[in-house]
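# Coordinate inspection notes
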Amino acid sequence: MLQVQEGRPAPNIEQVERKRRLRLVVIVYPFALTLIALAANVFLLGIAPLAMALPSQEVVAVLAASAVLLLVNHSWLMTQTELTRSRYDLYATPEEWQAARKESAKASAEGIAEVGRCQNAHRNTTENAVYFVFLAGLMAFVTPSFPAVVAWIGGFGLARLGYSYAYLSGRSGMRGAFMSLGLLSLYGLASYLVLALLH
């Protein structure tokens, strides 16, 4: 039951309920993606017993293609960040502000928000790429099922490009979908390795 404290407005019950549902979704989300990844590995992609070996040419090709997509994505985000700074007359360091004889306190709020958008997309991509490198590197050396390699390693690079496009263009629903696909790829890689170890 909601209690109203003296001097404070009564909370909006609908808003409180919406926040409660959102918290529940946030908590359940990674577990749901993990279950989907596990089911895909078991029922669709196949699990090969874990055996260390040099990667096949096909696995290296998928890994290389995904690495190139990630580099393209990095270059795109880096370039977009600098173009946005230039468009709004913003600078990256105190020295650059001083050299331009501008004050950061007088910077455009819209420009700061747009540079923040670019930087957030870049940070999110970098954070996810760290886990991808470790998981994909391990998977490449354990004689994986090729459909799993295409789905998880190839899927990750494509998902990150889609995520950047959606984030930079302000398409929240699409951004959420591509974020889910990227995370699904990471959970797919991790669960594949665990399942192969137990196989």
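A brief structural summary. All of these numbers come straight from a predicted model, not from anything done at the bench.

### Concerning the overall build of the protein
Tallying secondary structure elements over the protein gives six helices and zero strands in all. N-terminal to C-terminal, the α/β element order of the protein is α-α-α-α-α-α. Taken over C-alpha atoms, the radius of gyration comes to 22 Å for the protein, far larger than the 16 Å a tight globule of 199 residues would show. When its C-alpha atoms are laid out on the principal axes, the protein stretches across 60 × 55 × 25 Å. Nonlocal contacts in the protein, meaning residues at least 24 apart in sequence, comprise 78% of its contacts between residues at least 6 apart.

### Structural notes on the packing of helix α4 (residues 109–140) against helix α6 (residues 172–198)
For the pair α4 and α6, the least separation of the axes is 10 Å and the interaxial angle reads 35°. Crossing of α4 against α6: the hand is left-handed. Only Leu183, Leu186, Leu189, Ala190, Tyr192 and Leu193 of α6 make contact with α4, whose side of the interface consists of Asn128, Tyr131, Phe132, Leu135, Ala136, Leu138 and Met139. Partitioning the contact of α4 with α6 into residue classes produces 12 nonpolar, one polar and no charged.

### Describing unusual backbone geometry
Of note, aspartate 89 is a non-glycine position whose phi angle comes to about 60°, a positive value. Turning to its location among the elements, aspartate 89 is positioned in the loop between α2 (57–87) and α3 (94–99). Using a relative accessible area of 33% as the deciding quantity, one classes aspartate 89 as partly exposed. In this model, threonine 143 sits at a positive phi of 45°, which is unusual for a non-glycine residue. Mapped onto the elements of the fold, threonine 143 is located in the loop between α4 and α5 (146–168). Judged by relative accessible area, which is 33%, threonine 143 ranks as partly exposed.

### Focus on the pattern of salt bridges
As enumerated under the stated definition, the model contains six salt bridges in all. The shortest N-O distance in the salt bridge between arginine 85 and glutamate 82 comes to 2.5 Å. Linking arginine 85 with glutamate 82, this pair stays in helix α2, spanning three residues, or about one helical turn. Take arginine 85: its relative accessible area is 11%, and that puts it in the buried class. A residue is classified by how much of its surface remains accessible, and glutamate 82, at 43% relative accessible area, is partly exposed. Bridged by salt links that share partners, the residues Glu17, Arg20 and Arg21 form one connected network.

Conventions used here
- Residues numbered from 1 in each chain as written.
- Predicted model: local features only at pLDDT ≥ 70, side-chain atom pairs only at ≥ 80, totals over all residues.
- Heavy atoms only, no water.
- Helix = DSSP H or I, 4+ residues; strand = E, 2+ residues; numbered from the N terminus.
- Rg over C-alpha atoms; globule rule 2.2 N^0.38 Å.
- Contact = heavy atoms within 4.5 Å.
- Axes fitted to C-alpha atoms, helices over the stretch in contact; angles between N-to-C directions.
- Left-handed = near helix turned anticlockwise from the far one by under 90°.
- Nonpolar A, V, L, I, M, F, W, Y, C, P; charged D, E, K, R; others polar.
- Buried < 20%, exposed > 50% of the residue type's maximum accessible area, 1.4 Å probe, protein only.
- Salt bridge = Lys/Arg side-chain N within 4 Å of Asp/Glu carboxyl O.

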